[in-house]
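Architecture and fold: a report
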There are 2 protein chains.
Amino acid sequence: MQILKDRIRKDGIVREGNVLKVDSFLNHQMDIKLFNEIGKEFKKRFSDVEINKILTVEASGIGIACITAQYFDVPVVFAKKSQTKNIAGDVYRTEVQSFTHGRIYDVIVSKDFLKPEDKVLIIDDFLANGCALLGLAEIIRESGAELAGAGIVIEKGFQIGGEEIRKRGIRLESLAIVDSMSVDGGVKFRD
Amino acid sequence: MQILKDRIRKDGIVREGNVLKVDSFLNHQMDIKLFNEIGKEFKKRFSDVEINKILTVEASGIGIACITAQYFDVPVVFAKKSQTKNIAGDVYRTEVQSFTHGRIYDVIVSKDFLKPEDKVLIIDDFLANGCALLGLAEIIRESGAELAGAGIVIEKGFQIGGEEIRKRGIRLESLAIVDSMSVDGGVKFRD
């Protein structure tokens, strides 16, 4: 997606440790016009798939998922991150290791909002080691719902996540795949 | 806002301890069509005010803020909750006590995304004791930006937050104000 790549080149900041800061438009301040272009692009790429629900994970996936949902005309469910083991109620739960924060947390979704008849599109801002995405896929599997695919805004192509997801036969659409990046050399995208 | 009140009556669940569960449409599963009606209503109520940025706080405010932002044609910034004291970078920070989770956390916003020239509308899903909203107002004050007002989806009118906010002269628009509620008797709204 060209306007996304252009924007990453213009406003993204590469930091030591393979950190790509895009918080001026994607995951702290959010450019809602860009989100609408992203939502349209996800709809285009998944136009052949039946989808009745979007699943994302707090916090930075929520805005993109909600804007995208308008193009699919479906509700959004966001999985909650929890560091306590004592959340009340009947939930699906899985453990996720965060690349960014270097810690393990639980991700939970109420059983009320994922049902066997659901056809679910996962939307998230980043794909790096794939743990969050695999966690959401595991929750969908447990619920008996169908995983229709996953739409990612920025995939770090040099980390293992994308390969792991594709190897499992999950349909993955990443709008920008970063093949390499450096503090001096900027960002190189996959064609 | 009548369709919101109707929806709360239909799908909201009152639990012991003044808990109003609206997670089937507002803050876990999100009804994006309803969010669009909410966004339109906020735009109507704040149509006389100059606004160039919406500020909310993760996680459940983000979806409502993003959909609402489309009616104002402005970007959204979401404040991040942090339990660590060691977030890198230059941030505004304030302490907030959570009613729902019964704990204290820090709320932070990067100094890059709030400037003295900004005219900020705060959007959030709930107003109860007002701590989150007062925290965001404090961050805006520190940044030198102007607080144009606060739009809340559900105000718990029997808690202190709404009064505290109005007493400070902050323009507050709550789309549904719950005056009382009980497990048996359901929800009573302010006229």
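See the structure printed just above.
Residues numbered from 1 in each chain as written. Chains lettered and ligands numbered in written order. Predicted model: local features only at pLDDT ≥ 70, side-chain atom pairs only at ≥ 80, totals over all residues. Heavy atoms only, no water.

Comments concerning the relation of the copies chain A and chain B
These two copies of the chain differ by a rotation about an axis and a displacement along the same axis. The transform that puts chain A on chain B rotates by 180° and translates by 0.0 Å along the axis, for an RMSD of 0.0 Å. These values place the two chain copies in the arrangement generated by a two-fold rotation axis. A share of 100% of the interface residues of chain A reappears at the interface of chain B, consistent with the copies meeting face to face through the same patch. (Least-squares fit on C-alpha atoms with pLDDT ≥ 70 in both. Contact = heavy atoms within 4.5 Å.)

A short note on the environment of B:K21
Residues and elements named next belong to chain B. Note that K21 resides in strand β2 (residues 19–21). Exposure remark for K21: the relative accessible area of 24% places this residue in the partly exposed category. Sequence-wise, K21 and R171 are 150 residues apart; in three dimensions their C-alpha atoms are separated by 26 Å. The residues touching K21, leaving out its near neighbours within four places in the chain, are D11, G12, I13 and R15. Within the structure, the side chain of K21 is placed 2.8 Å from the side chain of D23, a separation counted as a polar contact. (Helix = DSSP H or I, 4+ residues; strand = E, 2+ residues; numbered from the N terminus. Buried < 20%, exposed > 50% of the residue type's maximum accessible area, 1.4 Å probe, protein only. Polar contact = N/O pair within 3.5 Å; in protein donor to acceptor, adjacent residues only side chain to side chain.)

Points about the nonpolar core
A general trend in soluble globular proteins is that nonpolar side chains are found buried together. Counting 81 residues, the largest nonpolar core has A:I38, B:L20, B:L26 and B:I38 as its most contacted members. In contact with B:L26, not counting residues within four places along its chain, are B:F35, B:I38, B:I64, B:D125, B:F126, B:V153 and B:I154. (Core = buried A, V, L, I, M, F, W, Y, C linked by side-chain atoms within 4.5 Å.)

Some details on the interface of chain A and chain B
Taken together, the contact between chain A and chain B spans 31 residues of the former and 31 residues of the latter. At the boundary of chain A with chain B, the tally comes to two salt bridges. Residue A:D73 pairs with B:K33 through a salt bridge whose shortest N-O separation is 2.6 Å. Linking chain A with chain B are 15 residue pairs in polar contact (both at pLDDT 80 or more). Looking at the side of chain A that touches chain B, the elements with two or more residues in it are β3 (29–30), α2 (32–45), α3 (61–72), β5 (76–82) and β7 (104–110) of chain A. (Salt bridge = Lys/Arg side-chain N within 4 Å of Asp/Glu carboxyl O.)

A short note on the side chain of A:S174
Residue and element names in this part refer to chain A. Structurally, S174 can be placed in strand β10 (residues 172–182). Using a relative accessible area of 8% as the deciding quantity, one classes S174 as buried. Looking at S174, its side chain comes within polar contact range of the side chain of E155, at 2.6 Å. Discounting chain neighbours no more than four positions away, the residues touching S174 are R45, I152, V153, E155 and R166.

Details of the state of the cysteines
Applying the stated criterion across every chain yields a total of zero disulfides over all chains. No disulfide involves B:C66; its sulfur sits 6.8 Å from the nearest other cysteine sulfur, which is in A:C66. (Disulfide = S-S within 2.5 Å.)

Some points on helix α2 (residues 32–45) of chain B
Here α2(B) spans 20 Å end to end across 14 residues, near enough to the 20 Å set by a 1.5 Å rise per residue. The N-cap residue of α2(B) is B:D31: its side-chain oxygen and the backbone nitrogen of B:K33 are 3.0 Å apart. (Expected span 1.5 Å × (residues − 1).)

As for the pairing of strand β7 (residues 104–110) of chain B
Regular strands have side chains that alternate between both faces of the sheet. Residue and element names in this part refer to chain B. For β7, the buried fraction is high: six of the seven residues fall into the buried class. As defined by bridge partners, strand β6 (residues 91–97) adjoins β7 across seven bridges and the pair is classed as antiparallel. For R93, the partnering residue across the bridge sits in β7 and is I108. (Pairing = 2+ DSSP bridges.)

Observations concerning the pairing of β5(A)
All names here are of chain A. In terms of burial, β5 is a largely internal element, five of the seven residues being buried. Relative to β5, strand β4 (residues 53–57) is paired through four bridges, and the arrangement is parallel. Pairing of I54 across the sheet is with V76, part of β5. Where the polypeptide runs from β4 across α3 and back to β5, its parallel neighbour, the crossover connection is right-handed. For β5 and β7, the ladder comprises three bridges, and the chain directions are antiparallel. Looking across to β7, one finds that K81 is bridged to V107. (Right-handed = clockwise from strand over helix to strand, strands pointing away.)

Some thoughts on unusual backbone geometry
Cis geometry marks the peptide bond from A:E58 to A:A59, where omega comes out at 0°. The phi dihedral of A:N18 is positive, around 55°, even though this residue is not glycine. By secondary structure assignment, the location of A:N18 is in the loop between β1 (13–15) and β2 (19–21). The exposure class of A:N18 is partly exposed, given its relative accessible area of 34%. Not every positive phi belongs to a glycine, and B:D73 is a case in point at roughly 60°.

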